[in-house]
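# Summary of structural features
Okay, here's what each chain looks like letter by letter:
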Amino acid sequence: MFGGGVLKGLTVTLKEMIRPKVTTRYPDETYTFPNRFRGIQKLYPEKCIVCNQCAMVCPTQCITIRGKPHPDPAKKGKVLETFEIHFDTCILCDLCTEVCPTEAIVMTNQFELAEYTRDALQKDMTWLTENPAEAREVNLPWRKT
Ligand code: SF4
Ligand code: SF4
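Residues numbered from 1 in each chain as written. Chains lettered and ligands numbered in written order. Predicted model: local features only at pLDDT ≥ 70, side-chain atom pairs only at ≥ 80, totals over all residues.

## With respect to the nonpolar core
We count it as follows: Nonpolar cores are built from buried Ala, Val, Leu, Ile, Met, Phe, Trp, Tyr and Cys residues. These are joined into a set through C-beta atoms within 7 Å. Here a residue counts as buried when 20 or more other C-beta atoms sit within 10 Å of its C-beta, as exposed when there are 12 or fewer, and as partly exposed otherwise, the C-beta atoms being derived from the backbone. A run of H or I in DSSP counts as a helix once it spans at least four residues, and a run of E counts as a strand once it spans at least two, with each numbered from the N terminus.
Counting 13 residues, the largest nonpolar core has Leu43, Cys54, Cys96, Cys100, Ala104, Ile105 and Val106 as its most contacted members. At 3 residues, the largest contribution of residues to this core is made by strand β4 (residues 105-108).

This is how it looks when you write it as C-alpha cells:
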C-alpha cells in the first residue's frame, strides 16, 4: 500500500518534469503580453484637446489636467499645460483611454513601476509622454492610416 502511494507521487513528479513550462525567468526573460493588456499609459500631448473627459470618467480621480489657450491666436481651443496621473491610486481600468476622443492617452504593455515613495508615483506630462513603452495597436487606428 505504501509503495503504491510513493509510485503514484513519483509518476506525478515525473510527468510535471517533462511538461512544457508556463513560467518565465523574469526579469531576464520578459513575457509577451496580449494586445489588450492594460499597462501604464502613454500620452501624446499634441493630440489632446483638453476636453477633460478622461479626468471626469476616472473612478479614482487620479488624473489632473490643466489647459491653456492655443499659442497661435488664429487657432481655437486649448493645448495641454499640465497632465498628471497619480499611479498610487490608478487601477489601470482603461476607462480614460476608452473615452479619449483623439487617442491622446493610450494603454501600453508597460507594467514596471516600482518606486520607494508614493509621491514618486505621481507622473507628469513629460514622464507620460516619454514612456518608452509600445502603445497597444488597438489604440492606434491613426497609425494605420
Ligand atoms: S486607468 Fe482608470 S484609474 Fe487609471 S487613470 Fe485611467 S481611468 Fe483613472
Ligand atoms: S480625454 Fe483625451 S483629449 Fe480629452 S483631455 Fe483626456 S487625454 Fe486629452
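On we go from here.
## Re the UniProt feature "binding site: [4Fe-4S] cluster 1" (unreviewed entry) in the chain
To keep things clear, this is the line we draw: UniProt positions are given in the numbering used here, feature names are shortened, and annotations may be inferred rather than shown by experiment. This entry defines residue contacts through backbone-placed C-beta atoms, with two residues in contact when those atoms are within 7 Å.
Here the UniProt-annotated "binding site: [4Fe-4S] cluster 1" (unreviewed entry) positions come out as Cys48, Cys51, Cys54 and Cys100. Maximum C-alpha separation among the annotated residues is 10.6 Å over a sequence range of 53 residues, consistent with a single clustered spot. Along the chain, Cys54 falls in helix α2 (residues 53-57). Leaving out residues up to four positions away in the same chain, Cys54 has contacts with Ile63, Cys96, Val99, Cys100 and Ile105. For Cys100, the residues in contact, after removing those within four places along its chain, are Gln53, Cys54 and Ile105.

## Digging into the UniProt feature "binding site: [4Fe-4S] cluster 2" (unreviewed entry) in the chain
Taken from the UniProt record, the annotation "binding site: [4Fe-4S] cluster 2" (unreviewed entry) applies to Cys58, Cys90, Cys93 and Cys96. Considering the C-alpha atoms alone, the annotated residues occupy 39 residues of sequence yet fold into one spot, their largest mutual distance being 10.5 Å. Within the secondary structure, Cys90 is located in the loop between β3 (78-86) and α3 (95-99). For Cys90, the residues in contact, after removing those within four places along its chain, are Thr60, Cys62 and Ile85. For Cys96, the position within the fold is in helix α3. Judged by the 24 C-beta atoms lying within 10 Å of it, Cys96 falls in the buried class.

## Here's the deal with the pairing of β3
What counts here: Note on pairing: DSSP must find at least two bridges between two strands before they are called paired.
Across 7 bridges, the pairing between strand β2 (residues 63-69) and β3 is antiparallel. Each bridged residue has a counterpart across the sheet, and for Thr64 the counterpart in β3 is Glu84. In this structure, β3 lies alongside strand β5 (residues 122-123), joined through 2 bridges in antiparallel fashion. The residue bridging Ile85 from the neighbouring strand is Lys123, located in β5.

## Structural notes on the site of ligand 1
What counts, and what does not: The C-beta atom of each residue is placed using the backbone, and any residue whose C-beta lies within 6 Å of a molecule or strand is treated as near it. Residue polarity follows a fixed list, in which Ala, Val, Leu, Ile, Met, Phe, Trp, Tyr, Cys and Pro are nonpolar, Asp, Glu, Lys and Arg are charged, and the others, Gly among them, are polar.
Inspection of the region around ligand 1 gives 14 residues, with Cys58, Cys90, Cys93, Leu95 and Cys96 positioned closest. Residues that form the shell around ligand 1 fall into these classes: 12 nonpolar, 1 polar and 1 charged.

## Brief notes about the pairing of strand β1 (residues 39-43)
In terms of residue burial, β1 counts as a mostly covered element, since 5 of its 5 residues are buried. Direction of pairing for β1 relative to β4: antiparallel, over a ladder of 3 bridges. When the sheet's bridge partners are listed, Gly39 is paired in β4 with Thr108.

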